[in-house]
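Residue strings, one per chain:
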Amino acid sequence: SLRRFLTYSYLLAFNVWLLLAPVTLCYDWQVGSIPLVETIWDVRNLATILLAVVMTLLSLHCLAAFKRLEHKEVLVGLVFLVFPFIPASNLFFRVGFVVAERVLYMPSMGYCILFAHGLRKLCTCLNRWGATTLTVCTALLLLLFSWKTVKQNEIWLSRESLFRSGVQTLPHNAKVHYNYANFLKDQGRNREAIYHYRTALRVGTPAASHCGHNDHTLTLRTDLCWRRGGFKQSVIKRRCFFSLFIISRSQERKEEAINLLKDSIKYGPEFADAYSSLASLLAEQERFKEAEEIYQAGIKNCPDSSDLHNNYGVFLVDTGSPEKAVAHYQQAITLSPSHHVAMGNLGRLYRSLGDNSVAEEWYKRALQVARKAELLSPLGALYYNTGRYEDHFLNIRITKMLYLMRRLQCLLSQFSVVLQAQVLAVMGQTKEAEKMTNHIVSEETGCLECYRLLSAIYSKQEHHDKALDAIDKALQLKPKDPKVISELFFTKGNQLREQNLLDKAFESYKAAVELNPDQAQAWMNMGGIQHIKGNYVSARAYYERALQLVPDSKLLQENLAKLDRLEKRLQEVREKDQT
């Protein structure tokens, strides 16, 4: 169509403009970022015409130069500029994006070759002052591009800076608002997330009218209706509504959550999760008739959803229709042969109906798919109630083993995140490290290393009161290892010393050396505090104790030397007073 041809052609000019002037850069150019070129009167067609003229002139110049066997650099530059871009140009096949800055990396080499050639030609045509002016302008341009590169690298340092930059650069792009809202929701910043979800819904609505096919079905893939892959406007709307529902549900705003789910279904009748969540929410409010209607509508629109059939089966069991539930559990297993949850539910259902042999078969079949504690426990109970005690106790042992394995997996996952946060803190990205660590603490309040890391982060930020609070929380966990407790008291002493609370700091250091007498730094800090307070005899005793542990410490030797000089002066003063 004309619209397709004009838009494809303009995209070529747009990519060239990004090479010439990379002012507006974004990680995602989808959903309304570049409006369609609808008519030949669109002013953007001038850019397309200008590109066609320039490329034609360059091609003719190359042909002429090739015949004369000169200026081959123009041909090389043009080859590097054009050929690497052809796969992403939509000329021979459709690609999965509209604009992607990454595909301009190779063409940029051709652009640089052409730019250098053109600069040299201009310098030969200009007089001395003109050539000097041109050189200075080129140097300024290189500095400007270097500054832009540095700023762009800063944007890619973290997910937050990347997603925030998208919102700032393309505020009319629904996709970037949706991505940023997802990040904010994961960080627990629900108020900001709600704003960006609603913004995504608002800015996405007008663009949808550009693409109406088959009774106004929304088929806008990114901002081009005919592009392969990408996000449809309707998909983003549906996901925004569903995310808003999750936030509303967590804040106990159930009626609002119900309305949001209904809106989500409007934009995605094939969205099985929305039907399940809506029906579950209605069932919680004992609106069983509405819930059943939603389940039935969901199964009609999403007949291939195994989870929907399983959830409807659970609903039927809870509302007193177990016989009907059997068919839906079996349908879930037919659609997804590895659906161990539906198999387990069938086992429980037959167990409640008194058919233990069939229940056992379903439990065993589920265990072949996934050996989980929630499947072993009911099977063990079945063995116990039917007098098969050996099988029962074997299941108990296996269940305990699975629990320990899960706990170990959870601890390893926490360790990985803590390690990432430590790396970020070392790199100076303390805000990001703080958010990651606080997220772990919110999920696992007994994470000792998290509190220690938080204390280090706050100390780096010079928030010593917060650092002290984190250490106190770590001490409240009462670790069993005396050396760990000693380290915590030592860290607490450091934070108190930073706040000039020397007496309290001294007590913390004292507690540290009582638990671990080999804590040399704590002995030295105790000596330092007594030194400051003028208790030179005590200071010397603490310094000498520390020096026994680290005899090569130059700092301790210097501190003892300072004490010697002070005591010598005091002795001289006393002798003068006596005479």
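Structure report, in brief. (Residues numbered from 1 in each chain as written. Predicted model: local features only at pLDDT ≥ 70, side-chain atom pairs only at ≥ 80, totals over all residues. Heavy atoms only, no water.)

Here the focus is the overall build of the protein chain. The helix and strand tally for the protein chain stands at 26 helices and two strands. Looking at the protein chain as a whole, 43% of its 579 residues qualify as buried. Sequence separation of 24 or more characterises 53% of the internal contacts of the protein chain that already satisfy a separation of 6 or more. For the protein chain, the accessible surface area stands at approximately 32700 Å², while carbon and sulfur atoms represent 59% of it. (Helix = DSSP H or I, 4+ residues; strand = E, 2+ residues; numbered from the N terminus. Buried < 20%, exposed > 50% of the residue type's maximum accessible area, 1.4 Å probe, protein only. Contact = heavy atoms within 4.5 Å. Areas by Shrake-Rupley, 256 points an atom, 1.4 Å probe, with all protein chains shown as cover.)

What follows deals with the nonpolar core. Counting residues in hydrophobic clusters, the biggest one holds 39 residues, and the most contacted among them are Phe-14, Trp-29, Ile-34, Val-99 and Val-103. For this core, the secondary structure elements donating two or more residues are α1 (2-20), α3 (72-82), α4 (105-125), α6 (159-169), α7 (174-186) and α8 (190-208). Beyond its immediate sequence surroundings of up to four residues, Phe-14 is in contact with Trp-29, Ile-34 and Val-99. In terms of nonpolar packing, the next biggest core, distinct from the first, is built from 30 residues, Ala-272, Tyr-275, Ala-332 and Ile-333 among them. (Core = buried A, V, L, I, M, F, W, Y, C linked by side-chain atoms within 4.5 Å.)

A cluster of nonpolar side chains, contributed by Val-43, Leu-46, Ile-49, Val-53, Leu-57, Leu-60 and Leu-63, occupies part of the molecular surface with about 710 Å² of accessible area. Inspection of the secondary structure puts Ile-49 in helix α2 (residues 45-68). (Patch = residues over 30% accessible without salt bridge, like charges linked within 9 Å, V, L, I, M, F, W, Y side chains within 5 Å. Salt bridge = Lys/Arg side-chain N within 4 Å of Asp/Glu carboxyl O.)

For the coordinates displayed, the defined rule picks out 12 salt bridges. Note that Lys-364 and Glu-360 form a salt bridge whose closest N and O atoms lie 2.9 Å from each other. Highlighted residues: Lys-364 and Glu-360, both in helix α16 (residues 356-369), separated by four residues, approximately one helical turn. Shared partners join several salt bridges into a network, and the residues in it are Glu-160, Arg-164, Arg-189 and Glu-192.

If you trace the backbone, Asn-494 turns up in helix α22 (residues 482-498). Of note is the side chain of Asn-494, whose polar atom sits 2.5 Å from the side chain of Tyr-509. Excluding its chain neighbours within four sequence positions, the residues that come into contact with Asn-494 are Tyr-509 and Asn-525. (Polar contact = N/O pair within 3.5 Å; in protein donor to acceptor, adjacent residues only side chain to side chain.)

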